[in-house]
Amino acid sequence: MKYVSTRGQAPELSFEEAMLTGLARDGGLYVPAEVPVMAAEDIVALAGQSYEEVAFRVMRPFLGDTFTDDEFRDIIARAYSGFGHAARAPLVQLDQGHFLLELFHGPTLAFKDFAMQLIGQLFEAALKRSGQRVTIVGATSGDTGSAAIEAFKGLDAVDVFILFPHGRVSEVQRRQMTTPSESNVHALAIDGHFDDAQARVKDMFNDFEFRDGVRLAGVNSINWARVLAQVVYYFTSAVALGAPHRKVSFTVPTGNFGDIFAGYIAKRMGLPIDRLVVATNQNDILHRCLSAGDYTPDGVIPSISPSMDIQVSSNFERALFDAYGREGGAVAQLMDELKSGGFHVSQGALETLRAHFESGRCDEDETRATIKRLRATTGELLCPHTAVGVKVAEEHIRPDVPMITLATAHPAKFPDAVEEAAGIRPPLPPRMADLYERDERVTPVANDLAAIETLIKERLSK
Ligand SMILES: Cc1ncc(COP(=O)(O)O)c(C=O)c1O
Ligand SMILES: N[C@@H](CCOP(=O)(O)O)C(=O)O
């Protein structure tokens, strides 16, 4: 299995190389040269299997010879052993034909744990074997950072630096990043929003002297391994509702387009997905683009679903690569245009995108109203991101195809927003009950590449 860059100018890599590399050296994102297809009978055979077994069968073809089957099974078992639900990703019925896929039973209460717990184990196994050490730098709007810190804290061969937008994450998210005491963890509060943090991380990858000097690695969803791990729950949930004999649709609260892109990969692998619905908050650039073809960021607006406050949606590049017939040159040109303001998707590419993706938008009042209404009608307490998904899903449900909305975080991560909407303050699980009493460790940083690189080098030299 080989991986190619969406911009067509970087060397092809193996799974292990792509995982440890993160961003391609031409600035693009790695994708499999070919997506392996699963036969219908192999999908049928997933029914009744454990989450871990489905994870093994779905991901195995993408790994090539990176790990033996036994090694990979062990890695998967370790990754999901800390989840608080036996099913790992349970389905809950909301209404006739509408289901919620609960992805918040991992250690940091968000869907990121599914991928991050796995790649923590994959990194450790690969680095132990090679004797290498890496520096992970990640950008977060709240959940990636806490999940990465949880997965990598205390590991010998890794230092982890997380840039989060100062004042724009929830208190629970911030404390999850700033309270771990392990010396290989560094929480950096950047003066800016998520797009600034993500841009600085990409700048570090494009500064080859720095990149090679610190052996930079990335755990944002620019890393293919992140996306791959998220493909699994599309299979477990669709099969539970009758796939491959029955089609299902998914609505995904979307920001960086990684989670919904994992659904697109599941579809290309042969899972009969009818529609993939992109649900955005008021930062609706993806909805606008899928509606009219224009991708012009117009500034991030803070919202009560802060993890989706994103305008430069990294993984959309992977979808564009396929929509433009896997022409890296065309994607590179669009990304150059983005640097100077924005780009317009050609009619042909837009039609290809629309063949897979629908979209909708949910504003702040609608988000609050959805949290309140769902509590009253179903008893479910939704996090604001999930509420965005549920509202948009309701507008896309068709009578004959079940709709699964991804519940991407636990409501207790956003207690202020949930309490304001539903009048209930969701408590943290007992294992986190002292989160508000723990000491915080955080370093403020300017939105300045040289300053951030200097800080990282200083920390590594200690
Ligand atoms: C709770 C939550 N919901 C939705 C999203 C959006 O997911 P993605 O960035 O993969 O589109 C995020 C952040 O990634 C998140 O943390
Ligand atoms: N919403 C994310 C933003 C980063 O996304 P990623 O999936 O590319 O890591 C977050 O919570 O940090």
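Residues numbered from 1 in each chain as written. Chains lettered and ligands numbered in written order. Predicted model: local features only at pLDDT ≥ 70, side-chain atom pairs only at ≥ 80, totals over all residues. Heavy atoms only, no water.

### Observations regarding the side chain of R211
Relative to the helices and strands, R211 resides in helix α9 (residues 208-214). Buried charged residue R211 carries no salt bridge. Nearest counter-charge: D212, at 4.8 Å. A distance of 2.6 Å separates a polar atom in the side chain of R211 from the backbone oxygen of L23. Ignoring anything within four residues of it in the chain, the contact list for R211 reads T21, L23, A24, R25, M204, F205 and L216. (Helix = DSSP H or I, 4+ residues; strand = E, 2+ residues; numbered from the N terminus. Buried < 20%, exposed > 50% of the residue type's maximum accessible area, 1.4 Å probe, protein only. Lys, Arg positive; Asp, Glu negative; His and termini not counted. Salt bridge = Lys/Arg side-chain N within 4 Å of Asp/Glu carboxyl O. Polar contact = N/O pair within 3.5 Å; in protein donor to acceptor, adjacent residues only side chain to side chain. Contact = heavy atoms within 4.5 Å.)

### Concerning the site of ligand 2
The environment of ligand 2 is made up of 13 residues, and the closest members are T140, T144, N220, S221 and N256. The separation between an oxygen atom of ligand 2 and a polar side-chain atom of K112 is 2.8 Å. With respect to ligand 2, the side chain of S221 contributes an N or O atom lying 2.6 Å from an oxygen atom. Isolated, ligand 2 exposes 340 Å² of accessible area, and the fraction of that covered by the protein chains is 95%. (Near = heavy atom within 4 Å. Areas by Shrake-Rupley, 256 points an atom, 1.4 Å probe, with all protein chains shown as cover.)

### A look at the pairing of strand β14 (residues 403-407)
In terms of burial, β14 is a largely internal element, 5 of the 5 residues being buried. The alternating pattern of β14 places M403, T405 and A407 on one face and I404 and L406 on the opposite face, and all of these are buried. One ladder, built from 5 bridges, connects strand β4 (residues 98-102) with β14; its direction is parallel. Directly across from L100, in β14, lies its bridge partner T405. As paired strands, strand β9 (residues 248-253) and β14 are joined by 3 bridges and run parallel to one another. Directly across from T251, in β14, lies its bridge partner T405. (Pairing = 2+ DSSP bridges.)

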